[in-house]
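Residue-level structure breakdown
Each chain is listed here by its residues.
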Amino acid sequence: MAKKITQKTKTEMPCRDAGERSRSFDEVALGYTIDMAVAEANRCIECKNEPCIAGCPVGIDIPTFICQVAAGDFQAAWQTLSADNLLPAICGRVCPQEEQCECKCTLGRKFDPVAIGRLERFVADHAASQGWQVGGTIAPPSGRAVAVVGSGPAGLTAAADLARLGHKVTIFEALHKPGGVLVYGIPEFRLPKTIVSREVQALEQLGVEIKTNHVIGRTFTVDDLFDELRYDAVFIGTGAGLPHFPKIPGVNLIGVYSANEYLTRSNLMKAYRFPESDTPMIRARNVAVIGGGNTAMDSVRTAKRLGADHAYLVYRRSRDEMPARHEEIEHAEEEGIELLLLAAPIEIVGDAESRVRVLRCERMALGDPDASGRRSPVPIPGSAFDLEVEVVVFAVGQGANPLISGTTPDLPVNKWGNIVADDATGATQKRGVFAGGDIVTGGATVISAMGAGRRAAQAIHAFLTAPAAAPDTPIGV
Amino acid sequence: MYPVLENELLSQDVHRLWIEAPHVARKRKPGQFVIIRVGEEGERIPLTIADVDTARGAIALIVQGVGKSTRELNLVPAGGTVLDVAGPLGRPTHIEPGAHVCCVGGGIGAAVVYPIACGVKASGGRVTAILGGRTKDLVLLEREMRAVADACHVTTDDGSAGAKGLVTDALSAIIAEGVRIDEVVAVGPVPMMRAVCELTRPLGLKTTVSLNPVMVDGTGMCGGCRVLIGGQQKFVCVDGPEFDGHLVDFGELSARLRAYRSQEAESLTHYCASH
Ligand SMILES: Cc1cc2nc3c(=O)[nH]c(=O)nc-3n(C[C@H](O)[C@H](O)[C@H](O)COP(=O)(O)OP(=O)(O)OC[C@H]3O[C@@H](n4cnc5c(N)ncnc54)[C@H](O)[C@@H]3O)c2cc1C
Ligand SMILES: Cc1cc2nc3c(=O)[nH]c(=O)nc-3n(C[C@H](O)[C@H](O)[C@H](O)COP(=O)(O)OP(=O)(O)OC[C@H]3O[C@@H](n4cnc5c(N)ncnc54)[C@H](O)[C@@H]3O)c2cc1C
Ligand code: SF4
Ligand code: SF4
Ligand code: FES
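Rules of the game
- Residues numbered from 1 in each chain as written.
- Chains lettered and ligands numbered in written order.
- Predicted model: local features only at pLDDT ≥ 70, side-chain atom pairs only at ≥ 80, totals over all residues.
- Heavy atoms only, no water.
- Helix = DSSP H or I, 4+ residues; strand = E, 2+ residues; numbered from the N terminus.
- Rg over C-alpha atoms; globule rule 2.2 N^0.38 Å.
- Buried < 20%, exposed > 50% of the residue type's maximum accessible area, 1.4 Å probe, protein only.
- Polar contact = N/O pair within 3.5 Å; in protein donor to acceptor, adjacent residues only side chain to side chain.
- Pairing = 2+ DSSP bridges.
- Axes fitted to C-alpha atoms, helices over the stretch in contact; angles between N-to-C directions.
- Contact = heavy atoms within 4.5 Å.
- Domains from an automatic or database assignment.
- Buried area = accessible area lost by both parts, 1.4 Å probe.
- Salt bridge = Lys/Arg side-chain N within 4 Å of Asp/Glu carboxyl O.
- Nonpolar A, V, L, I, M, F, W, Y, C, P; charged D, E, K, R; others polar.

1. Considering the overall build of chain B
The secondary structure content of chain B amounts to nine helices and 17 strands. Since a compact globule built from 275 residues should have a radius of gyration of about 19 Å, the 18 Å found for chain B is in line with a globular shape. Overall size of chain B, expressed as C-alpha extent along the three principal axes, is 55 × 40 × 35 Å. Counting every position in chain B, which comprises 275 residues, the buried fraction comes to 58%.

2. Remarks on the environment of Glu96(B)
Residues and elements named next belong to chain B. When you line up the elements, Glu-96 lands in the loop between strand 8 (84-89) and strand 9 (100-106). Among the residues examined, Glu-96 registers a relative accessible area of 46% and is labelled partly exposed. One polar contact links Glu-96 to His-94, side chain to side chain, over a distance of 3.1 Å.

3. Considerations on the sheet that holds strand 7 (residues 286-290) of chain A
All names here are of chain A. What the five strands build is an open sheet, ordered 6-14-7-8-9; its pairing is parallel. The open sheet is flanked by strand 6 (256-258) and strand 9 (338-341), the only strands paired with a single partner. When strand polarity is set aside, the average angle formed by the axes of neighbouring strands in this sheet is 20°. Where strand 7 meets strand 14 (residues 391-394), four bridges bridge the pair, whose relative direction is parallel. When the bridges of strand 14 are listed, Ala-288 appears paired with Val-392. Those strands touched by helix 13 (residues 294-305) are strand 7, strand 8 (310-315) and strand 14, and its axis lies near 165° from that of strand 8.

4. Overview of the domain arrangement of chain B
Frequently, the measure chosen for interface size is the accessible area that the parts lose on association. All names here are of chain B. With domains assigned, chain B is organised as domain 1 (2-89), domain 2 (93-207) and domain 3 (211-275). Centre-to-centre, using C-alpha coordinates, domain 1 lies 19 Å away from domain 3. Every contact between the two is made by eleven residues of domain 1 and, on the other side, ten residues of domain 3. Here domain 1 packs against domain 3, burying approximately 940 Å² in sum over the two surfaces, 65% of which is carbon and sulfur. Counting the surface domain 1 buries against domain 3, the share from its top three residues, Phe-33, Arg-44 and Lys-68, is 46%. Along the contact surface separating domain 1 from domain 3 lie zero salt bridges. The tally of links from domain 1 across to domain 3 stands at two residue pairs in polar contact (both at pLDDT 80 or more). The set of elements that each furnish at least two residues to the side of domain 1 that touches domain 3 consists of strand 3 (33-37) and helix 2 (68-74). Tallied by class, the residues present in the side of domain 1 that touches domain 3 amount to five nonpolar, two polar and four charged.

5. Focus: the sheet that holds strand 1 (residues 145-149) of chain A
To summarise the sheet geometry, strands pair through backbone hydrogen bonds and adopt either a parallel or an antiparallel arrangement. Residue and element names in this part refer to chain A. The five strands are arranged 3-2-1-4-16 in an open sheet whose pairing can be described as parallel. If you trace the sheet from one side to the other, it starts and ends with strand 3 (209-211) and strand 16 (433-435), each paired once. Recorded for the sheet is a direction-independent mean angle of 20° between the axes of neighbouring strands. Sheet topology note: the strand 1/strand 4 (residues 233-236) ladder contains four bridges and is parallel. Looking at strand 4, one finds that Val-148 is bridged to Phe-235. Sheet strands in contact with helix 17 (residues 446-465) are strand 1, strand 4 and strand 16, and its direction is about 170° off that of strand 4.

Structural data, given as C-alpha cells:
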C-alpha cells in the first residue's frame, strides 16, 4: 500500500497523427504496448478500500486485474476482467472513465488517476491477439428458452449471461447486423467494427442464436414470442432510437440529417466508401453539427473525414457543460473541428431546390442553473448570425421507439415512452418480460446498458428456475 | 440468405420475384413492405409485399429497375439468393369491412394497390380498379387485378391500351356516373397521387396514398423518411406508409426524393462500368 508514486501523469497512449487521421476512418488511438501497460499498471497503489470498483457500473475487480498486469501475468488479468465484463475491448475504448472508475481513483486526488480504461483495452486486445477464451463455465441445459430483443450492449450481455446459465437464448435484431449503437452509431475510428464482430462471435460460440432482420412489434409481437414461439421469458433491450428534430423552420430540407441517419449511413452502410458501397450520403464542404454529446462529436468528426473543409460543432452552452468525453473533445479539436459554443440554431435556409445553404444561429449567454444543475442558456437578442453550410446534423437527443410499446398494450411506459422497469431486476409490469439499457433509462452509456443486461439476466434466471415462486401478480415496480 | 424462388419479367425493367422469407410471409398484411439487401455492399431497398404464398413461406415483390440497387435485384435468378429480407414493416392498410374502394395504381404503384384490393375483397368489400401507365407496357398487373376487382379500368397517356388519358380522367368519369365510393386508394408517382388528391379534395372523398420516401433502417431510428402530414412530422416507415392524401405535403416529399440524384447517377455509372 505504501507504494511511492514516481509517475504522476498517465502513461500516454499513442495516437495516429491528427492531420493523417482527420481524413481516415482508421482507429485514432493505438493502444498501449506491453511496456507501457506494465508501467501504467505499476502506478496503481492497490488501495485496500478499492474506491475505483464502486465507480464501475459492473463492479470490475480493478485492483486485481491491474496488479496482474503489473506482474506481467496478462492471462490472469484477462480471466479477472472477462469474468466481470463481457465487452472489455469495447468498454476500455468508449466508457466515460473520467466520470466512472477513474474519477474514484485515489491517485486522482493529487495526480492523474490510473488509466484504468486504457489498461482494460490493453488486456482485452492482448487476449484477442493470443486467442484466449472468455473465463467462466456453461451450465447444463435448463430446458428454458429466453428471447432477447435488440443486440446492443444490454441485449448482448443479457444473452451471454443467460446462455452461461444454461438457457436457450435467441436474439431478435431489427437491423441486418448485431451490435446496436456499437455498429450503427459509434464510428470505426473510435471503435473498429472487427472488435464488435469478435464479441458477437464469442456469443455465438456460447450457443446464442442471432436472428437479424426480425423487427419485434412487426415480425412478431412480444405476445407472439410467448404464445407462438414458446419462449419462457423476454428481455427487451431496444435502445433509445427515435431521433428528435427541433421545431425550427427548414428541418426537412435536403441535407438535414439526424445524427442517427448520418452515422448509420456512414458506419452501418459504409457510405464513406461510396460508390464501392451502394448507400450514398451528401459529402459537403461545410457541415454544422448541433449538440454537445458523444453523438454530436462522432458526427462532426465523421463530417471532417468525409472531406469537409469546415466542420462546425454548434453547442448552446459552454465547453465545461459539454456532455461528450473530454478525450473526444480534445481529439476533435486536434483534427480541426471548429467549436461554436454558446450558439443555437434558429432557422435553416434552403435554395430553390430545397437544399441547405445557410444555418442561422443566435448567440447564447449562461443564465441561472436549471433543474439538472447546469446553467441554462439564454438567447441574446439581436445576435443572429449565418453559417454557410450544405449539411446540418442534429444530435440533440433521442426518444423511445414506439414499435414495441405500441403493440404491447399491457407493458407500461412513462411519459417519454420509456419502458417502466425495476432498476435492480429489469422486471416490467408484464409477467416474464424484463427490460434494460437505453429503452428504460433514455440515452446513457454502453457500460450502464451492460450492467442492466447483467442484472436482468440474474432476475430472469431466478424467474425461470423458481416458476412456482414467481408471483402471478406483476413483479417488480 | 433468402432464396429467390422465381424471377419473372413482367414488362421492360419490371420483374416479379418470389423470395422465401417465412418470418415475413407468416405475419404480413396488405399495405406492408420489406427491406431487402442484395449483397454485402448493398443498400437497404424498401419494397412493397405484393403477394404472399404461405404454403411456400414466400413473398412476391414487383420491382422496377430504376437505379443500381433495383436493377441488381432484378438480375438475381431463380435459385439465387438475397442477403437480407427484413419485415414486414409499416402499418397494415386500414380496411373498412364491406366498403367500396377505388384502387388507383399508376405504373409500379399497381404493385402496392393490388394487395390492398385483395384485402378489400377478403373483407367483403367492393373494388373498382384504375390502372394507368404512360404506355401499354407500363400498365402492370392488369390480369391479376381483373381477377380480384369488380371492375377494372385502364388508361395510358398514348392510348396504346385502355382509354387514352390519365388515371384522374377515369376517376372523374366514375365519380360522374354517381357510383358511391367510400374511399380512394391512390399509389404511384408523386404528381399522380397529388392530382388524385386535388380531384377528391373538393368532393370530401376520403383518399389514402402510400408514400415512398428515401428510407434507411425502416424501423423509425433514422428519421430519413420524414414527411409533413397536416403540418406534423411523421416517419413513413413506422407511422405509414399510408396517410390521408389530403394532408400530405407532396411538394416537400418530391423535393426530398431528389436528395441523392447525382449520387444515384454515379452509382449506376460505376455499376455499369464494372459489369
Ligand atoms: C453516436 C453515439 C455515440 C456514443 N458514444 C458513447 C461512448 O463513447 N461511450 C458510452 O458509454 N456510450 C456511448 N453512447 C451511448 C451508448 O452507445 C448507448 O447507451 C448504448 O448503446 C445503449 O445500449 P442498448 O443495448 O440499450 O441499446 P442500443 O445499443 O441502442 O441497441 C438496441 C438494438 O435494438 C435493436 N432494436 C430496436 N428496436 C427493435 C425491435 N423492435 N425489434 C428488434 N430489434 C430492435 C436496434 O436495432 C439496436 O440494434 C453513444 C451513443 C451514440 C448514439
Ligand atoms: C414503402 C416503400 C415501398 C416501395 N415499394 C416499391 C415496390 O413495390 N416496387 C418498386 O419497384 N419500388 C418500390 N419502392 C421504391 C424503391 O424502394 C426505390 O425505387 C429503390 O430504393 C431505388 O433504388 P435504386 O438504387 O435502384 O435507385 P436509385 O438510383 O438509388 O434511386 C431511384 C429513385 O428511387 C428513390 N430512392 C433511392 N433510394 C431509396 C431508398 N433507400 N428508399 C426509397 N426510395 C429510394 C430515389 O428518390 C429515386 O427517385 C418503394 C419505396 C418505399 C419507401
Ligand atoms: S467497464 Fe468502464 S467503468 Fe468499468 S472499469 Fe472498465 S472502463 Fe471503468
Ligand atoms: S483507486 Fe486507483 S490506485 Fe487505488 S486501487 Fe483503484 S486504480 Fe489502483
Ligand atoms: S427509414 Fe429510418 S426512420 Fe424511417
